[in-house]
Structures are given as structure tokens and as C-alpha cells.
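# Analysis of the macromolecular model
Residues per chain are reported as follows:
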Amino acid sequence: MNIAILGSGKGSNAEAIFAAIADGTLPATKVVALLSDVPDAGILQRGIRYGVTGTYIDAGPFRTKLDGPGEQRYLDALRAADADTIVLAGFMRIIKAGMLAAFPNRIVNIHPSLLPAFPGLNAWRQALDYGVRITGCTVHLVDAGTDTGPILDQMAVRVHDDDTAESLHARIQECEHTIYPAALQRLASGRLRLTGRRMIAVV
Ligand code: GRF
């Protein structure tokens with residue numbers, strides 16, 4: 001699987017994916033591109049130890065979506081890198097029709113809640129404010145909705161009485177670093193079939 005990792009932030013999930021490839025738990029997967037829409041994003045540095053150079057690509061003036069000429073710039077870079085799977089790791093823009101059509105069911109995202117609860121921004125804070133006792137994280141395919149695509153994997157995290165938004169997010173992120181590489185390995189195995197909304201393993 002030739003993956004392109006796209007992110008806007010510090011890149012801890014990208015780091016976990018690189019580490020899983022390096023330690024052999026994510027074999028047959030190669031990071032062919034590491035792209036960010038934020039020029040000084042930490043994620044751009046995450047490939048250095050693994051021989052992958054991060055590249056900033058201007059995504060255009062609309063801060064919340066990737067479309068128009070910005071989308072085209074990303075598509076050009078992804079094609080040039082021969083990417084077959086797009087891995088969103090904290091990429092803070094909505095993926096629009098052009099990219100979805102270019103990579104059908106091959107765009108994956110990680111979201112910091114147990115979807116379908118708390119889609120959108122700051123999901124850990126939404127969970128804390130709502131008062132749920134269990135939240136977590138979800139790896140899912142990206143479709144045209146916001147955090148609505150078929151689910152690949154989830155992990156639960158208990159909310160503690162003394163949690164702050166920061167402490168809860170930190171524990172969710174630890175789980176993200178476990179399930180994201182594992183879900184990518186299942187995808188790379190080629191033994192998953194989408195049946196309705198369900199990603200079912202075939203033998
Ligand atoms: C993660 O919490 C992920 O769930 C969300 O964005 C954050 C990215 O963190 N989509 P990082 O940049 O991978 O550290």
C-alpha cells in the first residue's frame with residue numbers, strides 16, 4: 001500500500017504510522033508522500049528519521065475545505081508520488097468531490113470520538129461537556145459527509161471525574177496511536193470488503 005499522509009498539526013499519528021512501518025507491524029506499506037496545508041506544521045518534520053521529506057502545499061483560501069486549485073495541487077502531488085491510499089492524520093479540511101472521486105474508498109481518517117457521537121471539531125471537549133462516561137476514537141473511510149464514512153475500527157476511553165479537555169485528549173491520542181496503524185494493516189491486507197456500511201473481513 002502506497003500511502004500519503006496529510007495533516008495540519010503536530011503529527012503524532014504520522015509518527016505512530018512511521019514507527020509501525022519501521023518496527024515491522026505495518027509491513028508492505030510505504031509512505032510515498034507527507035503533505036501539509038500548514039507551512040510550519042510539526043507533521044512535516046515527522047518523516048525525517050525515516051527518510052521521508054514533508055512538503056507544504058498551499059490548499060487555497062478556504063480554511064475549512066480542500067477544493068478548486070488547491071485540491072488540484074494536492075491531486076497532482078499524490079499522483080506524482082504514486083499514492084494509492086490517503087491517510088488523514090489531523091488534516092483540518094473537508095475533502096471534497098474531486099479527491100473523493102480520485103480515491104474511492106481509499107481515504108482514511110482518524111477521529112477523536114466514538115462516532116457517530118461527536119463529529120466535527122474538538123470532539124473530546126464535546127464528549128466532556130456532554131457528560132458521557134466513555135468516549136474514544138474511530139478510524140473510518142472518508143465520504144462526502146463530516147465524519148460519517150464506514151468504520152474500520154474504534155477504541156473506547158473512559159472519562160475520569162477529574163479529566164480536563166487536555167487530559168482526556170491525551171488519553172484518546174494514545175489509543176489513536178494504537179488503532180490507526182492496526183487499521184491500516186487490515187486495509188493493506190486487502191481482505192476487507194465493504195458491505196453496506198460495514199467493513200467485513202473476508203478469508
Ligand atoms: C487527532 O486527535 C485526530 O483524531 C484528529 O486530529 C488530531 C491529530 O493529532 N483528527 P496529530 O497531529 O496526529 O498529533
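Remember, it's a predicted structure, so these values are computed and weren't measured experimentally. (Residues numbered from 1 in each chain as written. Predicted model: local features only at pLDDT ≥ 70, side-chain atom pairs only at ≥ 80, totals over all residues. Heavy atoms only, no water.)

## What to know about the site of the ligand
- Close to the ligand lie Gly9, Lys10, Gly11, Ser12, Asn13, Gly90, Ile110, His111, Pro112, His169, Gln173 and Glu176.
- Take Pro112: an N or O atom from its main chain is 3.5 Å from an oxygen atom of the ligand.
- In the model, an oxygen atom of the ligand is placed 2.5 Å from a nitrogen or oxygen of the Glu176 side chain.
- When the free accessible area of the ligand is taken as 370 Å², the share hidden by the protein chains comes to 89%.
- Contributions of two or more residues to the shell around the ligand are made by helix 1 (12–22), strand 7 (107–111) and helix 5 (165–188).
- Of the residues forming the shell around the ligand, the biggest block, three residues, is contributed by helix 5.
- Residue-level mapping places the shell around the ligand at the junction of two domains, with at least three residues from each of domain 1 (1–104) and domain 2 (109–203). (Near = heavy atom within 4 Å. Polar contact = N/O pair within 3.5 Å; in protein donor to acceptor, adjacent residues only side chain to side chain. Areas by Shrake-Rupley, 256 points an atom, 1.4 Å probe, with all protein chains shown as cover. Helix = DSSP H or I, 4+ residues; strand = E, 2+ residues; numbered from the N terminus. Domains from an automatic or database assignment.)

## Structural notes on the packing of helix 1 against helix 5
- Taken N-terminus to C-terminus, the directions of helix 1 and helix 5 make an angle of 45 degrees; their axes are 9 Å apart at the nearest point. Of the possible angle classes, the one that applies to helix 1 and helix 5 is oblique. By crossing handedness, the relation of helix 1 to helix 5 is classed as right-handed. Within the contact between the two elements, helix 1 uses Ser12, Asn13, Ala16, Ile17 and Ala20 and helix 5 uses Gln173, Glu176, His177, Tyr180, Pro181 and Leu184.
- In the contact of helix 1 with helix 5, the residues fall into six nonpolar, four polar and one charged. (Axes fitted to C-alpha atoms, helices over the stretch in contact; angles between N-to-C directions. Parallel < 35°, antiparallel > 145°, perpendicular 65-115°, else oblique. Left-handed = near helix turned anticlockwise from the far one by under 90°. Contact = heavy atoms within 4.5 Å. Nonpolar A, V, L, I, M, F, W, Y, C, P; charged D, E, K, R; others polar.)

## Looking at the domain arrangement of the chain
- Segmenting the chain into domains produces domain 1 (1–104) and domain 2 (109–203).
- Contacts between domain 1 and domain 2 engage 19 residues on the former and 16 residues on the latter.
- Surface buried jointly by domain 1 and domain 2 totals about 1,400 Å² across both partners, of which 67% is contributed by carbon and sulfur atoms.
- By the criterion of area lost to domain 2, the three top residues of domain 1 are Met1, Asn13 and Leu88, representing 33% of everything that side buries.
- Put simply, domain 1 and domain 2 have zero salt bridges between them.
- The set of elements that each furnish at least two residues to the side of domain 1 that touches domain 2 consists of helix 1, strand 5 (85–88) and strand 6 (94–95). (Buried area = accessible area lost by both parts, 1.4 Å probe. Salt bridge = Lys/Arg side-chain N within 4 Å of Asp/Glu carboxyl O.)

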